[in-house]
Amino acid sequence: MLRYIAKRFLIMLVTILIIVTLTFVLMHAIPGSPFNQERGTSEAVQANLEAHYHLDEPMYIQYLLYLKSIVTFDFGPSIKQPTSTVNDLLGRGFPISLELGLVSVIVAIISGILLGIIAALRHNGIIDYAAMAIAVLGISIPNFILATQLIQSFAVTWKILPAATWSSPKHMILPVIALATGPMAIIARLTRSSMLEVLTQDYIKMARAKGLSPYKIVFKHALKNALMPVVTILGTLLAGILTGTFVLEKIFAIPGMGKYFVESINNRDYPVIMGTTVFYSAFLIIMLFLVDIAYGILDPRIKLHKKEAE
Amino acid sequence: MSLAEKPKEPQSAGIPDEWFRPLDKNGQDAEKVSRPSLSYWSDAWQRLVKNKLAMGGLIFLIFLALLAIFGPIFSPYSVREINPPNQNMAPSAEHWFGTDELGRDVFTRTWYGARISLFVGLMAALIDFFIGVVYGGISGYKGGRADNIMMRIIEILYGLPYLLVVILLLVVMGPSLATIIVALSVTGWVGMARIVRGQVLQLKNHEFVLASQSFGAKSWRIIRKNLLPNTMGPIIVQMTLTVPTAIFAEAFLSFLGLGIQAPYASWGVMANDALSTILSGDWWRLFFPALFISLTMFAFNVLGDGLQDALDPKLRE
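Residues numbered from 1 in each chain as written. Chains lettered and ligands numbered in written order. Predicted model: local features only at pLDDT ≥ 70, side-chain atom pairs only at ≥ 80, totals over all residues. Heavy atoms only, no water.

J.: Just to check I follow, could you spell out unusual backbone geometry for this structure?
T.: Leaving glycine aside, a negative phi is the common case for residues, and trans is the common case for peptide bonds. Positive phi is not limited to glycine here, since Asn124(A) has a value of about 65°. By the secondary structure assignment, Asn124(A) is in the loop between α4 (86–121) and α5 (126–140). (Helix = DSSP H or I, 4+ residues; strand = E, 2+ residues; numbered from the N terminus.)

Next up, the structure:
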């Protein structure tokens, strides 16, 4: 187990290093220096500025400095909003994005698993077909399209729910539905198929023969094994939800990190783009690592069969 | 047959002679398989046809492709011609899907959008296919150290958040049709490579591969001629599911301002441009691109599911 964790940890570090290096290389691939536009600064000022930001140093020194700044969690200033650093923006926006993301993850997992179980228990019944129809639709409708249609019907036409901003639990309903539906559908389909497989196994027949209630069989015996495939895709789902927050925050005018990120893309505020990308990537990669570890702990077979299973 | 085989014995005397009929001379063909033998593909096709949802998806996609190719030709309006007097008109007999804020016909633009969205999706799937098959094929067939190193690389790439890398690349390269496809393919092939490798790993110890090897076939020939044809099922399913992912990603990027640039428009760009019209009630601007993105993704998804069932030999009864 320890070996497995160590190996995963190493891969995680390399992955983070690669994304950090990639941002560095790309940042320097953009033609021109950040200081040669509109300002009309004199040569001396320009040189001073470049010296201040170490832009006159050789590339590898700049790279090491960049690595150091990342390790010390300092992403530098924003170019377009001179009063804020990237850290300020992250500090302001990330908690809100995290709240939106977390609520959506929880909603998606709970409703997805429930939907999947119900569909599996009523296999080939009307409920099963209905649940799977919902699931395929949920996978097919992109979250930003769903968001716009939700606003159109609930906020504009029926005026039941607020269309934008992030100030009360009521404001959370539409963005969370928009964000959670896709992952919910994926979880529901996975839960259903693995539940169907588990339900045919001997130990479930045994439990039934013992006269256990269906409730107990499902939740105590079947679910534990049926959820293993769901755990494996949690990492991917988190990535989807996280990137989903970018557009949804734009659509719902939620002042989260995604809003700053989209703004920074539109006015080419490179430090913010790079800082956010590194921060979010690291966050996701660490999550992926934790999911992997959780999977290793939950499924004791993984240690031996990991290689063949790939 | 049992009647015919019975020797004429006194016990059967009760049966009138005319009940016995001589065997047809051609009767030796009794063991012949009467139905034509089914190849893997015709068998899969027959089962796909039975899946109504998947066939519906396939028919929709064919229809969509035809409209994408020929739709703009039959439309009297141009995709980029700006016509201010006609701006924001509701759907009518002249403009079936209405017009946008520059007076452009949404119907015409929808089929142009279909061209771009389908092109992005198909190109991404094709590039994934080529890189993934070569990489996965070599990794799986070579095995040993090479496989080990190649798999570590895949594990690392797999950990990179797909859309974030795409966004990063597009910010630097600038959004255009070509850069979007390149950016989508940079990490997109990893899934295909994993599938191909897994399949090749399973197949390479079979006797037919050994036979090829003993005839002196080169590795690449074995991969190409012996191994890949046997993995086409999962590969096709994976490609079918890559297309909607790419279409989604392209639309998503449009929402971030990194989509195809004007005057061309993908569905994502059209939907993004129409965002501001939600509140003004010009519903058609958003509705049509949104509808077609969703329907197309739905069609590809159900077709992919159907193909998965149809192409999986384990499910054959």
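After presenting the structure, the write-up continues.
J.: What am I meant to see in the packing of aromatic side chains here?
T.: Geometry of an aromatic ring pair is reported as the spacing of the ring centres plus the angle between the planes. Under the criterion given, the structure shown has 21 aromatic pairs over all chains. Summarising the aromatic geometry, the rings of Phe24(A) and Tyr63(A) are spaced 5.1 Å apart at their centres and angled 65° between planes, so their arrangement reads as edge-to-face. Of the two residues, Phe24(A) sits in helix α1 (residues 2–29) while Tyr63(A) sits in helix α3 (residues 59–71), which places them 39 residues apart along the sequence. If you follow Lys259(A) out to its NZ or CZ, it ends over the ring of Tyr260(A), 5.1 Å from the centre. One residue, Arg194(B), lies across the ring of Tyr158(B), its end atom 4.2 Å from the ring centre. (Phe/Tyr/Trp six-rings, centres within 6.5 Å; stacked < 30°, edge-to-face > 60°. Lys NZ or Arg CZ within 6 Å of the ring centre and 35° of its normal.)

J.: What should I look at first to understand the packing of α1(A) against helix α5 (residues 144–159) of chain B in this one?
T.: For any two helices packed against each other, one specifies the inter-axial angle together with the distance between the axes. Where α1(A) contacts α5(B), the axes come no closer than 9 Å and their chain directions differ by 65°. Between α1(A) and α5(B) lies a crossing whose hand is right-handed. On α5(B), the residues touching Lys7(A), Arg8(A), Ile11(A), Val14(A), Thr15(A) and Ile18(A) of α1(A) are Arg152(B), Glu155(B), Ile156(B) and Gly159(B). By residue class, the composition of the contact of α1(A) with α5(B) is four nonpolar, two polar and four charged. (Axes fitted to C-alpha atoms, helices over the stretch in contact; angles between N-to-C directions. Left-handed = near helix turned anticlockwise from the far one by under 90°. Contact = heavy atoms within 4.5 Å. Nonpolar A, V, L, I, M, F, W, Y, C, P; charged D, E, K, R; others polar.)

J.: Hey, could you run me through the side chain of Thr15(A) in this one?
T.: Within the secondary structure, Thr15(A) is located in helix α1. What makes Thr15(A) buried here is its relative accessible area of 2%. What Thr15(A) contacts, discounting residues up to four positions off in sequence, is Ile285(A), Ile156(B), Gly159(B) and Leu160(B). (Buried < 20%, exposed > 50% of the residue type's maximum accessible area, 1.4 Å probe, protein only.)

J.: What is the right way to look at the pattern of salt bridges in this model?
T.: A side chain of one charge can pair with a side chain of the opposite charge if their charged atoms are brought near each other. Counted according to the given criterion, the structure contains nine salt bridges over all chains. Between Lys205(A) and Asp202(A) there is a salt bridge; the shortest N-O distance is 3.8 Å. One end of the pair is Lys205(A) and the other is Asp202(A), both in helix α8 (residues 202–209) and three residues apart, which spans about a single turn. Salt bridges sharing partners connect three or more residues here, namely Arg8(A), Asp292(A), Arg152(B) and Glu155(B). (Salt bridge = Lys/Arg side-chain N within 4 Å of Asp/Glu carboxyl O.)

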